[in-house]
Amino acid sequence: MTSPALQVALAYHRAWTGGDLDAAMALVADDVVCDAPAGRIDGVLAYREFLTPFALRFLIRTEMIAAFGDENTAMLMYDAETVPARSAPAAECLSVRHEKIVHNRFVFDRTPFDEFRRRQALVRP
């Protein structure tokens, strides 16, 4: 049996990794805070803007490595295969209140994505 926070986290993960950002954002609180390598992201609209390029342009697939949770917190670790990198491990520590994600501590290595953007900028006329 999975915990309430883990159920929300897994549904959110399945939605955004499947390209359904509407379903994913339905599980995110309006006043969500996300701490990511790029800095703090406040609010569901900014969070969606942050997630969209990764989910819809870069992501090929993910493989769940581990998922744990309790009443209010879930931890997901997965490996993402992306356009810029064959392996991009990531972890999300999600705080859940009233079946909505209110905080996400999102950890991943930005290096392959920064290098990809630099290469793209060199190719453009």
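Residues numbered from 1 in each chain as written. Predicted model: local features only at pLDDT ≥ 70, side-chain atom pairs only at ≥ 80, totals over all residues. Heavy atoms only, no water.

The name given to the chain in an unreviewed UniProt entry is Nuclear transport factor 2 family protein, with the source organism recorded as Actinomadura nitritigenes.

Draft legend 1. How the structure looks around the overall build of the chain. Each helix and strand counted, the chain has four helices and six strands in total. Along the chain, helices (α) and strands (β) appear in the sequence α-α-β-β-α-β-β-β-β-α when read from the amino end. Scaling as 2.2 N^0.38, a compact globule of 125 residues should have a C-alpha radius of gyration of about 14 Å, and the chain matches this with 15 Å. For the C-alpha atoms alone, the extent of the chain along its principal axes is close to 50 × 30 × 25 Å. Every one of the 125 residues in the chain was classed for burial, and the buried ones make up 40%. Sequence separation of 24 or more characterises 49% of the internal contacts of the chain that already satisfy a separation of 6 or more. Of the roughly 7,300 Å² of accessible surface on the chain, 54% is carried by carbon and sulfur atoms. (Helix = DSSP H or I, 4+ residues; strand = E, 2+ residues; numbered from the N terminus. Rg over C-alpha atoms; globule rule 2.2 N^0.38 Å. Buried < 20%, exposed > 50% of the residue type's maximum accessible area, 1.4 Å probe, protein only. Contact = heavy atoms within 4.5 Å. Areas by Shrake-Rupley, 256 points an atom, 1.4 Å probe, with all protein chains shown as cover.)

Draft legend 2. Expanded view of the UniProt feature "domain: SnoaL-like" (unreviewed entry) in the chain. Under the present numbering, the feature "domain: SnoaL-like" (unreviewed entry) in UniProt falls on residues 11–103. Between the C-alpha atoms that bound residues 11–103 there is a distance of 16 Å. The span itself is 29% helix and 52% strand. (UniProt positions renumbered as here; feature names shortened; annotations may be inferred.)

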